[in-house]
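Coordinates in review
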Amino acid sequence: MKRKIRLDGVTKSYKGICVLDKVTETFLGGNIYGIIGRNGSGKTMLFKAICGFVKLDSGLVEIDDKVIGKDEDFPTNAGIMIEAPCFTGYLSGVQNLRNLAAIRGKIGENEIKEAMNMVGLDYYSKKKVRQYSMGMRQRLGIAQAVMENPDILILDEPTNALDPEAIEDFRKILKNEKEQGKVILLASHNREDIDVLCDKVFKMDKGILTRA
């Protein structure tokens, strides 16, 4: 069964400013939804709300008929990349992914290797993440989001700092994920990403979500 994310009147204020204003929308599996908008428009806060990372003032986030923050704290089987990826700098890329994979215990070494290869990182490299370029960190962030084969992908500016070849690799990955029936939410300032990948596009402006 394809997964579904339903938002009903999602509202959140921060320091007296409304950053999410009665957001109501439904996102279905097998689609890539693009979210565009200026910095500070509410895109990242919307993703945090869906993931259960912030407490709402009102409204609800429902995933497959389970209310986030009530029936479950976080979405199950979701790959999340919000803001700049945060890794342990003194460990290598593969060591970071091993540690993250150990939290749920769902995947083994083969899946980690496959995810790294998919994003163009050397599985055998001993290079520490603190020595990575911004683009390499982004690649590693994408690898951690997809490595457990999640049904939901929530990606906030995933192509930041990526070179053209890496962007093409990313687009191939996302198209493949979509074909598997996953729900994919993508926030990007790269209009070409939005035009090439997305089935539906929404705009955030002062916390209000509308069809673009």
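Everything below is about the structure printed above this text.
All figures in this text were calculated on a predicted structure; none of them were measured in a lab. (Residues numbered from 1 in each chain as written. Predicted model: local features only at pLDDT ≥ 70, side-chain atom pairs only at ≥ 80, totals over all residues. Heavy atoms only, no water.)

What about the overall build of the protein?
When helices and strands are tallied, the protein shows six helices and ten strands. Relative to the compact-globule value of 17 Å for 212 residues, the protein shows a C-alpha radius of gyration of 17 Å, a close match. If you line up the protein on its principal axes, its C-alpha atoms span 45 × 35 × 35 Å. Burial statistics for the protein: of 212 residues in total, 50% are counted as buried. Taking contacts inside the protein between residues at least 6 apart in sequence as the whole, the part at least 24 apart equals 67%. A total of about 10700 Å² of accessible surface is found on the protein, and carbon and sulfur atoms cover 48% of it. The positive charge centre, built from 33 side chains, and the negative charge centre, built from 30, are 3 Å apart in the protein. (Helix = DSSP H or I, 4+ residues; strand = E, 2+ residues; numbered from the N terminus. Rg over C-alpha atoms; globule rule 2.2 N^0.38 Å. Buried < 20%, exposed > 50% of the residue type's maximum accessible area, 1.4 Å probe, protein only. Contact = heavy atoms within 4.5 Å. Areas by Shrake-Rupley, 256 points an atom, 1.4 Å probe, with all protein chains shown as cover. Lys, Arg positive; Asp, Glu negative; His and termini not counted. Charge placed at Lys NZ, Arg CZ, Asp CG, Glu CD.)

Observations concerning the pairing of strand β4 (residues 58-63)
Judged from the five bridges that link them, strand β1 (residues 4-14) and β4 form a sheet pairing that is antiparallel. Each residue of the ladder has a partner; that of L7, found in β4, is V61. Looking at chain direction, β4 and strand β5 (residues 66-67) are connected through two bridges and run antiparallel. When the sheet's bridge partners are listed, I63 is paired in β5 with K66. With antiparallel pairing between neighbouring strands as the criterion, β4 and β5 make up a hairpin whose turn holds two residues, including D64 at a positive phi of roughly 50°. (Pairing = 2+ DSSP bridges.)

A few points about the pattern of salt bridges
As enumerated under the stated definition, the model contains 15 salt bridges in all. Where D193 meets R171, a salt bridge forms, and the shortest distance between an N and an O atom there is 2.8 Å. You can see D193 sitting in helix α6 (residues 191-197) and its partner R171 sitting in helix α5 (residues 164-179), a full 22 residues away along the chain. Two residues, K178 and D199, come together in a salt bridge whose shortest N-O distance is 2.7 Å. On the criterion of sequence distance, the pair formed by K178 in helix α5 and D199 in the loop between α6 and β9 (200-205) is long-range, its members being 21 residues apart. (Salt bridge = Lys/Arg side-chain N within 4 Å of Asp/Glu carboxyl O.)

Focus on the side chain of R3
Locating R3 in the fold gives a position in the segment before β1. Of note is the side chain of R3, whose polar atom sits 2.6 Å from the side chain of D64. Among the polar contacts listed, one links the side chain of R3 to the backbone oxygen of T76, at a separation of 2.5 Å. Not counting residues up to four positions away in its chain, the partners in contact with R3 are F27, L28, G29, I63, D64, T76, N77, D151, I152 and V183. (Polar contact = N/O pair within 3.5 Å; in protein donor to acceptor, adjacent residues only side chain to side chain.)

Re the nonpolar core
By size, the foremost hydrophobic cluster in this structure holds 36 residues, and its most contacted members are L140, L155, L174 and L186. Of all the secondary-structure elements, those providing two or more residues to this core are β3 (31-36), α2 (93-104), α3 (109-118), α4 (134-146), β7 (152-156), α5, β8 (183-187) and α6. Apart from the residues lying within four places of it in its own chain, the contact partners of L155 are F47, M81, A145, F170, L174, L185, L186 and A187. Counting residues in hydrophobic clusters, the runner-up holds 28 residues, among them L20, L46, I50 and L185. (Core = buried A, V, L, I, M, F, W, Y, C linked by side-chain atoms within 4.5 Å.)

What to know about the sheet that holds β4
Strand order in the open sheet made by the four strands is β2-β1-β4-β5, with antiparallel pairing throughout. Two strands bound the open sheet, and with one partner strand each, they are β2 (17-28) and β5.

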